Amino acid sequence: MLRRALLCSPALLLVRPAQAQQRLSVVASFSILADMTRQIGGDRIALRTIAGPDVDAHGFQPKPSDAAMLANAAVVIRNGLGFEGWLDRMIRSSGFKGALVTTADGITPRMMDAHAHHGHDHGGAGRRQNHSVGPRRVPDPHAWQDLGLAPQYLRNITAGLIAADPGNEALYRRNAEAYAARLAALDQWVRAEIAKVAEARRKIITSHDAFGYFGEAYGVRFLAPQGVSTEAEPSAAEVGRLIRQIKAENISALFMENMSNPATLQRIAKEAGVRVRGRLYADALSVGSGPAPTYEAMFRHNVSLMVPAMRGDAA
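Caption draft 1: Inspection of the pattern of salt bridges at higher detail. Within this structure, the stated rule accounts for 10 salt bridges. Residue E216 pairs with R110 through a salt bridge whose shortest N-O separation is 3.2 Å. With E216 in helix α9 (residues 212–218) and R110 in the loop between β4 (99–102) and β5 (111–113), this pair connects stretches of sequence that are 106 residues apart. In this structure, D187 engages R191 in a salt bridge whose closest nitrogen and oxygen atoms are separated by 3.1 Å. Of this pair, D187 and R191 are both found in helix α8 (residues 169–194), four residues apart, which corresponds to roughly one turn of the helix. Salt bridges here are not isolated pairs; linked through shared partners, they connect R110, D140 and E216.

This is the structure we're talking about:
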């Protein structure tokens, strides 16, 4: 009787909400990193995302409410490699005092040619570089497109959560190990699927250069009218060269991306006489009801579209 009375007492009923409020406050810069962090942190973190599903993190324009969510965050998760220059400015203006985790730390980035007309943020100071006068080679920030590099992302996220919340180290490590095993199995599945396509036909046209790491890891050649950023606009000469190449090499795999303006790609498809084969997810996940609501689902969705398109199968 006494035990029942104690369990029902108002003082004890207040314990659960108090405990729920003790979850680690974490902010992720964009949806792909948010999903990785969620898989590791589970219900021990209170996770918020700045650039959410179907939002282009390249040219993201933060609102005051986005900066406000940083003020009390214990951990902020970012990609780095110049992907979210806007985040550096937000951190300075918000008064953020927590831990900043750069998930691409420890990865040697592939380098790529910068388009002469292409300008976007490249790094810590949030400065913009005009590639017409600046460096002709820039780091490709899309390292998450190689599942073989995902373990480094997971290590960095896990270390950041543990440093901020050491009492839950065992949980974070256990979740990260299980997640890494799933991603390793997914990597093998991707390789097996791509192997179904003859090497000569492993060519894909996408909206912008987001799949360089995927191409190098899995033996697929990607061509794009835009540069590394969706803010870039291809020149007429570049579009013309791409159309001629599609015709000459009989490329049948042409895709839009979930955040890109479709006008240029639709023009290319029309003039090259090929059909757009669907929508790939590169820099952002889909909403929960879409085909790519998680990092794992993104790979399965993309590869399931890529393989029949490269082979020229009827859709």
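Caption draft 2: View of the packing of helix α5 (residues 64–71) against helix α6 (residues 85–94). Following both chains from N to C, one finds α5 and α6 inclined at 65 degrees, their axes separated by 9 Å at the closest point. Crossing of α5 against α6: the hand is right-handed. Between α5 and α6, the residues in contact are D66, A67, L70 and A71 and L87, M90, I91, S93 and S94, respectively. Tallied by class, residues from the contact of α5 with α6 come to six nonpolar, two polar and one charged.

Caption draft 3: Spotlight on helix α11 (residues 263–272). Of all the residues in α11, the buried ones are L265, I268, A269 and A272. An end-on view of α11 places all buried positions within 95 degrees of arc, on one side of the element. In the stretch just after α11, G273 is the one whose phi turns positive, near 75 degrees.

Caption draft 4: A look at the pairing of strand β2 (residues 45–51). As defined by bridge partners, strand β1 (residues 24–30) adjoins β2 across six bridges and the pair is classed as parallel. Residue pairing in the sheet places S25 in a bridge with A46 of β2. Chirality of the crossover, the property in question, places the unit of β1, helix α4 (residues 31–41) and β2 among those that are right-handed.

Caption draft 5: Quick peek at α6. Burial within α6 is extensive, with seven of its 10 residues counted as buried. Along α6, the residues that are buried comprise G85, W86, L87, D88, M90, I91 and S94. Looking one or two residues beyond α6, the residue adopting positive phi is G95, at roughly 75 degrees.

Caption draft 6: Main features of the sheet that holds β4. The strand order across the open sheet formed by four strands is β2-β1-β3-β4, and the pairing between neighbours is parallel. The open sheet has two edge strands with one neighbour each: β2 and β4. Between one strand axis and the next, the sheet turns by 20 degrees as a mean value, whatever way the strands run. Where α4 meets the sheet, its contacts fall on β1, β2 and β3 (75–78), and the angle it forms with β2 comes to roughly 175 degrees.

Caption draft 7: Fine view of the nonpolar core. Counting residues in hydrophobic clusters, the biggest one holds 71 residues, and the most contacted among them are F214 and Y295. Here this core takes eight residues from helix α12 (residues 295–311), the largest share from any one element. When residues no more than four places from it in sequence are discounted, the contact partners of F214 are Q145, V190, I194, G219, V220, F222, F299, V303 and M306. Ranked by size, the runner-up nonpolar core spans 10 residues in total, among them I205, V239, L242 and I251.

Rules used throughout
- Residues numbered from 1 in each chain as written.
- Predicted model: local features only at pLDDT ≥ 70, side-chain atom pairs only at ≥ 80, totals over all residues.
- Heavy atoms only, no water.
- Salt bridge = Lys/Arg side-chain N within 4 Å of Asp/Glu carboxyl O.
- Helix = DSSP H or I, 4+ residues; strand = E, 2+ residues; numbered from the N terminus.
- Axes fitted to C-alpha atoms, helices over the stretch in contact; angles between N-to-C directions.
- Left-handed = near helix turned anticlockwise from the far one by under 90°.
- Contact = heavy atoms within 4.5 Å.
- Nonpolar A, V, L, I, M, F, W, Y, C, P; charged D, E, K, R; others polar.
- Buried < 20%, exposed > 50% of the residue type's maximum accessible area, 1.4 Å probe, protein only.
- Arc of directions from axis to C-beta.
- Pairing = 2+ DSSP bridges.
- Right-handed = clockwise from strand over helix to strand, strands pointing away.
- Core = buried A, V, L, I, M, F, W, Y, C linked by side-chain atoms within 4.5 Å.

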